[in-house]
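Take a look at the letters that make up each chain.
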Amino acid sequence: MGFVRSALTASLLLVSNAAALDPIVMKGTKFFTKSGDQFFIKGVAYQQEAGGSGPGGSTDSSTKYVDPLSDAETCQRDVPLLEKLGVNTIRTYAIDPKADHSECMALLDKAGIYVVADLGEPALSINRESPSWNVELFDRYKGVVDNLGKYDNVIGFFSGNEVTNNNTNTGASAFVKAATRDVKKYISDKAAKGGRWMGVGYAANDDAEIRANMAQYFNCGEQSDAIDFWGYNIYSWCGKSSFTESGYDVQVKFFSNFSVPVFFAEYGCNTVNGAEGRLWDDTTAIYSSEMTDVFSGGIVYMFHEEENDYGLVKVSGDDATPMKNYKVLQSKLADVKPSSTSMAAYNPTNSPAACPAISENWKAADQLPPTPDSALCECMSASAACAPADDLAEKDFGDIFGYICKEDAAACAGIKQDTEAGVYGPYGMCNPKDQLAHVLDAYYTNQNKASTACDFNGAAKVVSAKADTSCQASLAKANSAVSVAATATAGSTSTSSSTSDSTENAAAPGSVRMSSFMTMGDMVLSLYMVVAMGVGAGMVML
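Residues numbered from 1 in each chain as written. Predicted model: local features only at pLDDT ≥ 70, side-chain atom pairs only at ≥ 80, totals over all residues. Heavy atoms only, no water.

This part covers the state of the cysteines. Going through the model one piece at a time under the given rule, you end up with 7 disulfides. Across the disulfide from Cys220 sits Cys355; the S-S distance is 2.0 Å. Here Cys220 and Cys355 share a disulfide; its torsion about the S-S bond, 95 degrees, makes the bridge right-handed. Placement of Cys220 in the loop between helix 6 (211-219) and strand 9 (229-233) and of Cys355 in the loop between helix 9 (324-335) and helix 10 (374-383) is noted, with a sequence separation of 135 residues between them. Here Cys238 pairs with Cys269 through a disulfide, and the sulfurs are 2.1 Å apart. Here the disulfide of Cys238 and Cys269 is right-handed, its torsion about the S-S bond being about 100 degrees. Of this pair, Cys238 sits in the loop between strand 9 and helix 7 (248-255) while Cys269 sits in the loop between strand 10 (262-267) and helix 8 (281-286), and the two are 31 residues apart along the sequence. Overall, Cys238 belongs to the partly exposed group, its relative accessible area being 23%. (Disulfide = S-S within 2.5 Å. Helix = DSSP H or I, 4+ residues; strand = E, 2+ residues; numbered from the N terminus. Buried < 20%, exposed > 50% of the residue type's maximum accessible area, 1.4 Å probe, protein only.)

Right, here's the structure in full:
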């Protein structure tokens, strides 16, 4: 077996060296090969349900995923089926940034198949219920870029998938757009050192109340912050339908003025007779002249037949068997001949959208959360004179956050995250322990360093500040940002128990070590706590 594996690896390396797909680039609203031919995505979602989302999504952060591109033997089984299907792109929802993907990527390259990969994974991505953009997430996202970015058949990445999915959680989009900005900058910096362009986009659901605001928000403002492409998860063409009955005509009209490429990041309604009842007439429509001037193709959901009944292929052990709707889709894809243009002949004319105004259905201002900076977090933590006790468990942080943010809101200004006002403290991107160190130190300072202000029944302790001179400039800049956030924070003591888009209100955990300071009835219901404790919260969408 070891010999066979080694032989396979060697042969794939030869393939990789012998041939490589032409990298995809973006110009205006269209994709092109680097040599100048227009490129339409003919894709399929390639990941078992545990690692993806599908219609409606998942809220379970404990869900384990199987990296679909790290097992060469599975790829040897499946890639020929993908090639025979007629697709040129797959979408993955979660890959392991530490795994070796060279063998699967070589097989895909040889088959003429590109990859669009989501950056998150079930336990580590932006959570719509307690959104944040922090050091740990940024490290994960950079790891995915580093791992897959070396392959020419990677088109780009999704910074989020249906994170905001209705009008109650639109503030979460600010954190996804911040992630988009920072990953784009990371790729751009690598490109300046000899790398290449790879896009960063977002995949949105089809919610009538927010879909226009969503598309405009991610496209508006500084284009260094905006998405490179827009993925749309849409399941409106069900059974015997049409271009107008499905609402595809409405989508074409809306996106006709969009300034970046748009494609269906998921499609394939199964409400009429399940997966096998799919006729794939929507595929014909997507690549017809009615749509190709605006849309750059689509990605069928999904390759694997799972309990949700959206599959094209049934997998049992080592065997993979195409289903009836696989063969129908294969026939439809073989017949499509989208009209195209060349990159040289194409002159973009569309401009970015205006940012949506704050309203009942939209709670994300133009201003974005800061870029995660682990060095700044370390400087801040080292400079603190009051810090968490060494044995304080993370589950108990909430007691202290709740008490301090109720009694002295200004002490929590550094971790303030108010999406509606567009006000963000500089330390909201730090890990929970560093955030707690900042809040403890700010409270201790505001209480004139009274001995009782840094104890909390042994949960905190006075320490000697250790920050060196190299931290002075960054800390001074951060302190200025804290002062700005404090002005916006002053007086925020709301006790609403509902989840809010602005980061003002969230329930604190029960008191453990602070019973002498407060009871559950006294606890502030503060969004500061959601932000600080969100690292351990469940993932909502990749």
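From this point on, the discussion continues.
Attention now goes to the packing of aromatic side chains. Considering all chains together, one arrives at 33 aromatic pairs under this definition. Note on Tyr46 and Phe303: the rings are 5.2 Å apart at their centroids and 75 degrees apart in plane angle, and the pair reads as edge-to-face. You can see Tyr46 sitting in the loop between strand 4 (41-45) and helix 2 (72-85) and its partner Phe303 sitting in the loop between strand 11 (295-300) and strand 12 (313-316), a full 257 residues away along the chain. Tyr46 sits in the buried class, given a relative accessible area of 3%. Residue class for Phe303 comes out buried when judged on its relative accessible area of 0%. (Phe/Tyr/Trp six-rings, centres within 6.5 Å; stacked < 30°, edge-to-face > 60°.)

Attention shifts here to the confidence of the model for the chain. Taken over all residues, the pLDDT of the chain has a mean of 87, while the share at 70 or more is 84%. In this model, residues 1-18 is a region of pLDDT below 50 whose contacts with residues beyond four sequence positions or in other chains number 14 contacts. (pLDDT = per-residue confidence, 0-100. Contact = heavy atoms within 4.5 Å.)

As a further point, take the pattern of salt bridges. In a structure, side chains of opposite charge can pair up when their charged atoms sit close to one another. Taken as a whole and judged by the stated rule, the model has 16 salt bridges. The shortest N-O distance in the salt bridge between Lys30 and Asp293 comes to 3.6 Å. Taken together, the residues Lys30 in strand 2 (residues 30-33) and Asp293 in the loop between helix 8 and strand 11 connect sequence positions 263 residues apart. Relative accessible area serves as the criterion here: at 6%, Lys30 is assigned to the buried category. (Salt bridge = Lys/Arg side-chain N within 4 Å of Asp/Glu carboxyl O.)

An order of 4-5-6-7-8-9-10-11 is seen for the 8 strands of this closed barrel, with the pairing classed as parallel. Neighbour-to-neighbour, the strand axes of this sheet turn through a mean angle of 25 degrees, independent of strand direction. Sheet analysis places strand 7 (residues 154-161) next to strand 8 (residues 199-204), joined by 4 bridges and oriented parallel. If you follow Gly156 over to strand 8, its bridge partner there is Gly199. (Pairing = 2+ DSSP bridges. Axes fitted to C-alpha atoms, helices over the stretch in contact; angles between N-to-C directions.)

Moving on to the sheet that holds strand 2. Spatially, the 3 strands line up as an open sheet ordered 1-2-3, and their pairing is antiparallel. Each edge of the sheet is formed by a strand with only one pairing partner; in this case those strands are strand 1 (24-27) and strand 3 (38-39). In terms of strand pairing, strand 2 meets strand 3 through 2 bridges, oriented antiparallel. Pairing of Phe31 across the sheet is with Phe39, part of strand 3.

Let us now look at helix 6. All buried positions along helix 6 are accounted for by Asn213, Met214, Ala215, Tyr217, Phe218 and Asn219. As for helix 6, its buried residues are in contact with helix 5 (172-191), strand 8, strand 9 and helix 7. Positioned one or two residues after helix 6, Gly221 has a phi angle of 75 degrees, which is positive.

Counting 85 residues, the largest nonpolar core has Phe157 and Trp230 as the members making the most contacts within it. Sort the elements by how many residues they give to this core and helix 5 lands first, with 8 residues. Once residues lying within four places of it in the same chain are set aside, the contact partners of Trp230 are Tyr202, Ala204, Met214, Ala215, Phe218, Phe255, Phe258, Val260, Pro261, Val262 and Phe263. If you look at the next biggest cluster of nonpolar residues, it comprises 40 residues, including Ala389, Leu436, Tyr443 and Ala459. (Core = buried A, V, L, I, M, F, W, Y, C linked by side-chain atoms within 4.5 Å.)

Looking now at the packing of helix 5 against helix 6. Closest axis-to-axis distance for the helix 5/helix 6 pair is 10 Å, and the angle between their directions is 35 degrees. Where helix 5 crosses over helix 6, the handedness of that crossing is right-handed. Listed contacts from helix 6 to Ser173, Ala174, Val176 and Lys177 of helix 5 are Met214, Tyr217 and Phe218. For the contact of helix 5 with helix 6, the per-class residue count stands at 5 nonpolar, 1 polar and 1 charged. (Left-handed = near helix turned anticlockwise from the far one by under 90°. Nonpolar A, V, L, I, M, F, W, Y, C, P; charged D, E, K, R; others polar.)

Time to look at the environment of Asp96. Relative to the helices and strands, Asp96 resides in the loop between strand 5 (89-92) and helix 3 (102-110). Look at Asp96 and you get partly exposed, because its relative accessible area is 29%. Note: C-alpha distance between Asp96 and Leu119 (23 residues apart in sequence) is 9.8 Å. Beyond its immediate chain neighbours, meaning those up to four positions away, Asp96 contacts Tyr65, Asp67, His101 and Asn147.

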